[in-house]
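Close look at the chain arrangement
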Amino acid sequence: MPLLTRMLNAPLSIDVRRGAVATLGELLADRRIATEGRVAIAVGPGQGDQIAEHVRPSLAACEVFHVEGGTVEAAVSLGSRLRAGSYEAVVGIGGGRTIDATKYAATLSGIPMVSVATNLSHDGICSPVASLVHDKGKGSFGVVMPLAMIVDLDYVRAAPDRLVRAGIGDVVSNFSAVDDWLLAADECGERIDRMALTVARTAAEALLHQPGSIDSDRFLTVLAEGLVLSGMAMAFAGDSRPASGGDHEILHAIDHLFPDTANHGELAGIGAAFCYHLRATRLGAGEERLEEILACLGRHGLPRFPADIGLSAEQFAEAVRYAPQTRPGRYTILEHLSLDEGETRKAVHEYVQAHGG
């Protein structure tokens, strides 16, 4: 992919700091986003309304729409209203579900979208993928990446700690996704985009070795940047490959078989740890990375074992067996090993026993 095309896939503007939302009016005055100022604001439950009221004086011409959950139905409904109003752009304000629904609606409407994230639960805040609920479960949909994004650390700090910590698991899972991509290249001849791979891995490395916790603005900034870089890596690759491997297959399987067990980032982290256990015990590689990931998850209070998310070892093994069905055609450590039911149960029990779960 030519460098210019890669640059066009990157957001026009990224602002991560305290008080960043105050610049939203100035950002939307940029004629590259809206030439006539016809901008809609989509908000979800939580802090979205509060932010919309905060910026309303500088955006008097904007109309606010409420997004009822991260569903395909809600996104399609919002898209219809955006088209009916002939808006030039839409601002999605809220958590991952609201932003994913807004990205999908913006794509349906053919207009750019600005992302204003109120928590850091997963890389959907700035990615070309929307995870939405439909009548058969949850699916991932290709969408246009946000044209610009704002992360106001004041609002992030007001979000539940669990939602903020979850993003750590999503970024760290990049390690697993990247190694699965390289495995697919070796075993199946799959094409590797080295720029995308490097960006995804860099995001994970920066966060893995970042001292401090979500109580630190510095740490939150690195986390936000890691989520943005993960989204950019997916945009460069043209799909979710650099940030979604066997780890996310397990995540989606748990979502399907045992809905509402845990959130996206929490499941991504435990999925990545288990995939590295498989690499260490079946391929003789990845033991050091496994220990680093388990230490990181433990340090930040994230789930590491099935019991941490309310699943038995047998239920987790069921999800691992089902996982490849969630991404047909994707080759990961799970497809490579192709463990049968008994072998999968044994692997899960080994993982729990070996690492103290």
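Placed above this text is the structure.
Residues numbered from 1 in each chain as written. Predicted model: local features only at pLDDT ≥ 70, side-chain atom pairs only at ≥ 80, totals over all residues. Heavy atoms only, no water.

A short note on helix 7 (residues 161-172)
Between its first and last C-alpha, helix 7 extends 18 Å over twelve residues, near the 16 Å set by a 1.5 Å rise per residue. Here helix 7 has its buried residues at Val164, Ala166, Gly167, Ile168, Gly169, Asp170, Val171 and Val172. (Helix = DSSP H or I, 4+ residues; strand = E, 2+ residues; numbered from the N terminus. Expected span 1.5 Å × (residues − 1). Buried < 20%, exposed > 50% of the residue type's maximum accessible area, 1.4 Å probe, protein only.)

Considering the environment of Asp135
Turning to its location among the elements, Asp135 is positioned in the loop between strand 6 (129-134) and strand 7 (137-142). Overall, Asp135 belongs to the exposed group, its relative accessible area being 76%. The spatial distance from the C-alpha of Asp135 to the C-alpha of Val72 is 8.8 Å, given a sequence separation of 63 residues.

Thoughts on the environment of Ala253
Within the secondary structure, Ala253 is located in helix 11 (residues 246-257). Looking at Ala253, the relative accessible area reads 0%, which means it is buried. Between the C-alpha atoms of Ala253 and Arg321, which are 68 residues apart in sequence, the distance is 8.7 Å. Discounting chain neighbours no more than four positions away, the residues touching Ala253 are Phe258, Ala319, Tyr322, Ala323 and Thr326. (Contact = heavy atoms within 4.5 Å.)

Let's talk about the side chain of Asp100
Position of Asp100 relative to the elements: it lies in helix 5 (residues 96-109). A residue is classified by how much of its surface remains accessible, and Asp100, at 2% relative accessible area, is buried. Discounting chain neighbours no more than four positions away, the residues touching Asp100 are His122, Gly124, Val129, Ala130, Ser131 and Leu132.

Side note on the sheet that holds strand 3 (residues 63-66)
Here we have six strands laid out as an open sheet, ordered 1-8-5-4-2-3, and parallel in their pairing. Edge strands, defined here as strands with exactly one partner in the open sheet, are strand 1 (13-17) and strand 3. Recorded for the sheet is a direction-independent mean angle of 15° between the axes of neighbouring strands. Sheet analysis places strand 5 (residues 113-117) next to strand 8 (residues 148-152), joined by four bridges and oriented parallel. Note that in strand 8 the partner of Ala117 across the bridge is Val151. Helix 4 (residues 72-84) contacts strand 2 (39-43), strand 3 and strand 4 (89-94) of the sheet and is inclined by roughly 160° relative to strand 3. Of the strands in this sheet, strand 2, strand 4 and strand 5 are in contact with helix 5, which crosses strand 4 at around 165°. (Pairing = 2+ DSSP bridges. Axes fitted to C-alpha atoms, helices over the stretch in contact; angles between N-to-C directions.)

Quick word on the packing of aromatic side chains
Following the criterion strictly, the structure yields five aromatic pairs and no others. With 5.5 Å between their ring centres and 85° between their planes, Phe274 and Phe316 make a pair best called edge-to-face. Remark: Phe316 occurs in helix 14 (residues 313-322) and Phe274 occurs in helix 12 (residues 264-283); sequence separation between them is 42 residues. This pair shows no difference in class: Phe274 is buried, exactly as Phe316 is. By the ring-pair criterion, three or more aromatic residues cluster together here, those being Phe274, Phe305, Phe316 and Tyr351. Of note, Arg279 hangs over the ring of Tyr276, and the distance from its end group to the ring centre comes to 5.9 Å. If you follow Arg289 out to its NZ or CZ, it ends over the ring of Phe175, 3.7 Å from the centre. (Phe/Tyr/Trp six-rings, centres within 6.5 Å; stacked < 30°, edge-to-face > 60°. Lys NZ or Arg CZ within 6 Å of the ring centre and 35° of its normal.)

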